[in-house]
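# Coordinates in review
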Amino acid sequence: MVFLCPYCQNNDVVKSGKKKNKSGIKQWHKCNNCKRHFVERDGFERMRLSPEIIVKAVNQHNHGISLSKIKDELQQRYNVKVSRWAICKWTKKYSDLVQKSQKQSSGINHFSQTKMDEGQRYTK
Ligand SMILES: [Zn+2]
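The structure reproduced in this document is the subject of the present report. (Residues numbered from 1 in each chain as written. Predicted model: local features only at pLDDT ≥ 70, side-chain atom pairs only at ≥ 80, totals over all residues.)

## Focus: the nonpolar core
- Of all hydrophobic cores here, the largest spans 12 residues; its members are Ile 54, Val 55, Ala 57, Val 58, Ile 70, Leu 74, Val 82, Ile 87, Trp 90, Tyr 94, Leu 97 and Val 98.
- The element best represented in this core is helix H3 (residues 84-104), accounting for five residues. (Core = buried A, V, L, I, M, F, W, Y, C linked by C-beta atoms within 7 Å. Buried ≥ 20, exposed ≤ 12 C-beta atoms within 10 Å, placed from the backbone. Helix = DSSP H or I, 4+ residues; strand = E, 2+ residues; numbered from the N terminus.)

## As for unusual backbone geometry
- Residues other than glycine seldom take positive phi values, yet Lys 35 does so here, at roughly 65 degrees.
- For Lys 35, the position within the fold is in the loop between strand S2 (24-31) and strand S3 (37-39).
- Of note in this structure, Asn 79 is not a glycine but carries a positive phi near 60 degrees.
- As for its position among the elements, Asn 79 is in the loop between helix H2 (67-78) and H3.
- We classify Asn 79 as exposed; it has 7 C-beta atoms within 10 Å.

## Observations concerning the packing of helix H1 (residues 51-62) against H2
- Axis separation between H1 and H2 bottoms out at 10 Å; the angle between their running directions is 150 degrees. Here H2 runs roughly antiparallel to H1, going by the angle between their axes. Both H1 and H2 take part in a crossing whose hand is right-handed. Mapping the contact onto sequence places Ile 53, Ala 57, Gln 60 and His 61 in H1 and Leu 67, Ile 70, Leu 74 and Tyr 78 in H2. (Axes fitted to C-alpha atoms, helices over the stretch in contact; angles between N-to-C directions. Parallel < 35°, antiparallel > 145°, perpendicular 65-115°, else oblique. Left-handed = near helix turned anticlockwise from the far one by under 90°. Contact = placed C-beta atoms within 7 Å.)

## Things to note about the sheet that holds S3
- Here we have three strands laid out as an open sheet, ordered S1-S2-S3, and antiparallel in their pairing. Pairing within the sheet leaves two strands with one partner each, and these edge strands are strand S1 (13-21) and S3. Neighbour-to-neighbour, the strand axes of the sheet open up by a mean angle of 30 degrees, direction not taken into account.
- In this structure, S1 lies alongside S2, joined through seven bridges in antiparallel fashion. (Pairing = 2+ DSSP bridges.)

Written out as structure tokens, the structure is:
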């Protein structure tokens, strides 16, 4: 399973050992892109989709395609099962990012991990 870094959405994430805290033993991870450490948590470990898929879904939604249609396409084309609610959350979370990246490049085909990272920094 691939984790996305919660800070930069990069998927170049490695396990960096287990640490004990109040709520038990937690698996820690290190992002090779932004060098930050973070612990596995609810919601995060379910983010196993590549940024490309999320961007595609957000884009389709911005073009007025219905959530159920996007959901069907993701399932058919990428064999990923997501809820309409999840897509809805992506559109809220990533819309700005996707729009910025489109302004910077000529469109979705040129969207890259680097662009995603730049977009993330811009928002901070
Ligand atoms: Zn990162």
